[in-house]
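# Fold and contact review
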Amino acid sequence: METMFDAEPIFPDRPIRVAVTGAAGQIGYALLPLICTGRMFGMSQKVSLHLLEITPALTALSGVAMELEDCAFPVLESILATDDAAECFKDVDVAMLVGSFPRKAGMERKELLSKNGAIFQSQGEILEAVASKDVKIVIVGNPANTNALILSYFAKSIPVQNISALTRLDHNRTVGFVAKKLGASVNNVEGVIIWGNHSSTQYPDVSNAKVKGFNQSIVEAMGGVEYLEEAMIPFIQGRGASIIAARKLSSAMSAANAACDHVRDWLLGSNGRIVSMAVRSEGEYDIPKGIWYSFPVQCSRGGEFTIVQGLDVSDFSRARMDATAKELTEEREAALSLYQ
C-alpha cells in the first residue's frame, strides 16, 4: 500500500511551489518541517517554498530560512523569503494563508472581520493576478471560513472549489477524542464530521462514525446523545481555549499538522476516507448557498473533492448544523457590508 511518503509526485519535472504566509509565526514554524520531510507531498516531490511575513518579522523569517537550509531536507529545492506578497505568490501552486490579524481583548467580531478583510482582500487580488490559475488555497488564519469568503470575493477568476478553510484540526481532535474514549487506535476511527464554522458553534458529529472492532452505534458506545451534548461537543468546541489556558499560546503543532493533513488529502486523495473541509456551500444539506461551511468530503488526487451526500441527519444534528450556519451567514453579511 502506498504511504504518504512514497506518493507519486504531482509535478515530476519541477518543484511544487508552496506559499506560506505568517511563515515565522508559531504555526508556520511547525508547518514548514512537515512540508519539507515529505509529509505533505511525498518524498519524490521537490518543493520550492515561498515564505511571506510582515516587514517587522523579516529578521525572524531570515532565521527560519537559515534553519531550513541547515536541516538539509532532500525535497527542499529553494526558499524565497519576502515581505512582498506579489513576489511570494508568483506562480504558486498551493497557498497556505496562515497569517491573520489576531483577536484582541475587547475587540468586537466586526472589527476583527474588518482587520482581516483588508488582509484577505489584498491577498485575494494578488493571488488572482500572479498565482497559478489552478492554485489551491487553504485559509488557516481566523476567522478562517469568512476569510475564505472575503478572499474569493476579490479573486473572482479563481474557481471557488480551489478555495477552502481549515476545519481539519477540529476533525482530528474529534478522531482523537473518540479513540481515547473507546480505547481504539486513531487509525480505526472513520466517518467523524465537522459541520459549519471553525468557531465555538462548530458541530462535531459522530453519528455516522465507525470504529473497527465496535459493531454497535458509536453514539451508544460513547454513552448516548446525552454524553455527546454534555461532554464531547463542548470539549471539541472549547479545545482551542483549553490549550491557550494551558500553554498561554494558541494551538500551533496541532494546527500545523492539520493544515498538512488538509493539503495532503486534497492534492493526493483521501483514499475513500471522509475528511472535513470548509468549502463553499451550494445548498447541500439545506445549508445557505455562498458561505464557506465545513462538510464531509472525499478527495481524489489532483485537488478534486466531493461533498458526501445522503447521510442521515437527526433532529439533534439539524439544530446544531443550522446554528453554526446562522453564525456564518451573519459573518458573511457583516463582512460584505464593509465593501458596500
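Residues numbered from 1 in each chain as written. Predicted model: local features only at pLDDT ≥ 70, side-chain atom pairs only at ≥ 80, totals over all residues. Heavy atoms only, no water.

Here we come to the packing of aromatic side chains. Under the definition given, this model contains nine aromatic pairs. On the basis of an interplanar angle of 40° and a centroid distance of 6.4 Å, the ring pair of F177 and Y227 is categorised as tilted. One end of the pair, F177, is in helix 6 (residues 168–182); the other, Y227, is in helix 8 (residues 224–237), and 50 residues separate them in sequence. Its relative accessible area of 14% is what places F177 among the buried residues. Relative accessible area serves as the criterion here: at 22%, Y227 is assigned to the partly exposed category. Through pairs of rings, three or more aromatic residues link up here, namely W195, Y285, Y293 and F295. (Phe/Tyr/Trp six-rings, centres within 6.5 Å; stacked < 30°, edge-to-face > 60°. Helix = DSSP H or I, 4+ residues; strand = E, 2+ residues; numbered from the N terminus. Buried < 20%, exposed > 50% of the residue type's maximum accessible area, 1.4 Å probe, protein only.)

Moving on to the side chain of R173. Among the secondary structure elements, R173 is positioned in helix 6. Residue classification places R173 among the buried positions, given a relative accessible area of 13%. Once residues within four sequence positions are removed from consideration, R173 is found in contact with I236, R239, G240, I243 and S251. (Contact = heavy atoms within 4.5 Å.)

A few words now on the nonpolar core. Core analysis: the biggest nonpolar cluster contains 75 residues, and V18, V20, L31, I35, F41, L49 and M96 have the highest contact counts within it. Looking at this core element by element, the count peaks at eight residues for helix 10 (residues 253–268). Counting 29 residues, the second-largest nonpolar core is a separate cluster that includes A85, L127, A148 and I150. (Core = buried A, V, L, I, M, F, W, Y, C linked by side-chain atoms within 4.5 Å.)

On to the layout of surface pockets. Taking a probe equal in size to a water molecule and rolling it over the atoms shows the remaining empty space. Estimated volume of the largest pocket: approximately 1400 Å³. Secondary-structure elements contributing two or more residues to the lining of the largest pocket are helix 1 (26–36), helix 4 (109–130), helix 6, helix 8 and helix 9 (239–247). The element best represented in the lining of the largest pocket is helix 4, accounting for five residues. In terms of residue class, the lining of the largest pocket is built from 18 nonpolar, 19 polar and six charged. By volume, the second largest pocket amounts to about 1200 Å³. Along the walls of the second largest pocket sit 42 residues, with R168, N187, D261, R264 and R273 positioned nearest its centre. Where the lining of the second largest pocket is concerned, the elements lending two or more residues are helix 6, strand 7 (189–190), helix 9 and helix 10. It is helix 6 that contributes the most residues to the lining of the second largest pocket, ten residues altogether. (1 Å grid on protein atoms, 1.4 Å probe; cavity = no way out; pocket = protein on both sides within 12 Å on 5 of 7 lines; lining within 4 Å. Points joined across faces, edges and corners; volume = space filled by probe spheres on them. Nonpolar A, V, L, I, M, F, W, Y, C, P; charged D, E, K, R; others polar.)

For the structure shown, the criterion picks out 13 salt bridges. Residue D93 is joined to R14 by a salt bridge in which the shortest nitrogen-to-oxygen separation is 2.9 Å. Here the residue D93 occupies a position in the loop between helix 3 (85–89) and strand 4 (94–97), and R14 occupies one in the segment before strand 1 (16–21), the gap between them amounting to 79 residues. A relative accessible area of 26% places R14 in the partly exposed class. One salt bridge in this structure joins R39 and D261, with 3.1 Å as the shortest N-O distance. In this pair, R39 is assigned in the loop between helix 1 and strand 2 (47–52) and D261 in helix 10, connecting sequence segments 222 residues apart. Here R39 falls in the buried class, since its relative accessible area comes to 17%. (Salt bridge = Lys/Arg side-chain N within 4 Å of Asp/Glu carboxyl O.)

This part covers the side chain of D170. For D170, the position within the fold is in helix 6. Reaching out from D170, the side chain makes a polar contact with the side chain of H198 at a distance of 2.7 Å. One polar contact links D170 to Q202, side chain to side chain, over a distance of 3.1 Å. Beyond its immediate sequence surroundings of up to four residues, D170 is in contact with I194, H198, Q202 and I236. (Polar contact = N/O pair within 3.5 Å; in protein donor to acceptor, adjacent residues only side chain to side chain.)

Here we take up the packing of helix 6 against helix 8. Taken N-terminus to C-terminus, the directions of helix 6 and helix 8 make an angle of 135°; their axes are 9 Å apart at the nearest point. Here helix 6 lies oblique to helix 8, going by the angle between them. Every pair of crossing elements has a handedness; the one defined by helix 6 and helix 8 is right-handed. Where helix 6 abuts helix 8, its residues D170, R173, T174, F177 and K181 lie against Y227, M232, F235 and I236. (Axes fitted to C-alpha atoms, helices over the stretch in contact; angles between N-to-C directions. Parallel < 35°, antiparallel > 145°, perpendicular 65-115°, else oblique. Left-handed = near helix turned anticlockwise from the far one by under 90°.)

Function cannot be inferred from these measures alone, as they are strictly geometric.
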